[in-house]
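Structure assessment
Below, each chain spelled out in residue letters.
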Amino acid sequence: MEVVTSQRISVEVNGTIYEREVEARRLLIHLLRDDLDLTGSHIGCDTGNCGACSVIVDGSLVKSCMLLAVQADGASIETVEGLAEDEELTPLQQAFRDQHGLQCGYCTPGMLMSATALLRENPSPSEEEIRKAIHGNICRCTGYVNIVEAIKAVSA
């Protein structure tokens, strides 16, 4: 019996297709950060609890420390680097800045991706829906109030 230790995969990340040979045990977060040099998504806990590594895979929010890179083969992935166009902040990113929804910034990429996923599904969420959408993201600095205000500021 042959043991497969690596696999060739193809992923589309922020509109660019990448093909890589990856170990079967390699996590998506490590593919993104180490192999593709997309360091916007952060490694916070490696257990799926903090949300700092959140990305959107085929339209669904996922914690990239909980997904093997081989499981993303053929997928379309969006990271925080893919949000802005022409190096201009999106309205959501600007709202985080204007509403002081960030301090140390470690949770910010995951919060932005969670909020992006929410607003695509529900452009006019209530405060309760916003809080539920970001409940998988831990922030130790802001107390969440300004993050919620930033998301409310851009909702329809």
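Owing to the predicted nature of the structure, the values given are computational and were not obtained by experimental measurement. (Residues numbered from 1 in each chain as written. Predicted model: local features only at pLDDT ≥ 70, side-chain atom pairs only at ≥ 80, totals over all residues. Heavy atoms only, no water.)

**Digging into the overall build of the chain**
- Counting its secondary structure elements, the chain contains five helices and five strands.
- Listed N to C, the secondary structure of the chain is β-β-α-β-β-β-α-α-α-α in terms of helices and strands.
- A globule of 156 residues ought to have a C-alpha radius of gyration of about 15 Å, and the chain, at 16 Å, matches this closely.
- With respect to the principal axes defined by its C-alpha atoms, the chain has extents near 55 × 30 × 25 Å. (Helix = DSSP H or I, 4+ residues; strand = E, 2+ residues; numbered from the N terminus. Rg over C-alpha atoms; globule rule 2.2 N^0.38 Å.)

**Here we look at a negative patch on the surface**
- There is a patch of like negative charges on the surface, built from Glu 85, Asp 86, Glu 87 and Glu 88.
- Here Asp 86 lies in the loop between strand 5 (76-78) and helix 2 (91-98).
- The class for Asp 86 is exposed, based on a relative accessible area of 73%. (Patch = residues over 30% accessible without salt bridge, like charges linked within 9 Å, V, L, I, M, F, W, Y side chains within 5 Å. Areas by Shrake-Rupley, 256 points an atom, 1.4 Å probe, with all protein chains shown as cover. Salt bridge = Lys/Arg side-chain N within 4 Å of Asp/Glu carboxyl O. Lys, Arg positive; Asp, Glu negative; His and termini not counted. Charge placed at Lys NZ, Arg CZ, Asp CG, Glu CD. Buried < 20%, exposed > 50% of the residue type's maximum accessible area, 1.4 Å probe, protein only.)

**Remarks on the pairing of strand 2 (residues 16-23)**
- Looking at chain direction, strand 1 (residues 6-13) and strand 2 are connected through eight bridges and run antiparallel. The residue of strand 2 that forms the bridge with Val 13 is Thr 16.
- The antiparallel hairpin formed by strand 1 and strand 2 contains two residues in its connecting segment, where Asn 14 sits at a positive phi of about 55°. (Pairing = 2+ DSSP bridges.)

**A closer look at the sheet that holds strand 4 (residues 60-63)**
- Read from one edge of the open sheet, five strands run 2-1-5-3-4, paired in mixed fashion. Each edge of the open sheet is held by one strand with a lone partner, namely strand 2 and strand 4. Strand-to-strand twist across the sheet, computed as the mean angle between neighbouring axes with direction ignored, equals 40°.
- Judged from the two bridges that link them, strand 1 and strand 5 form a sheet pairing that is parallel. From the neighbouring strand, Val 13 faces strand 5, where its bridge partner is Ile 77.
- Sitting on the sheet, helix 3 (residues 108-121) touches strand 3 (54-57), strand 4 and strand 5, and the angle it makes with strand 3 is about 35°. (Axes fitted to C-alpha atoms, helices over the stretch in contact; angles between N-to-C directions. Contact = heavy atoms within 4.5 Å.)

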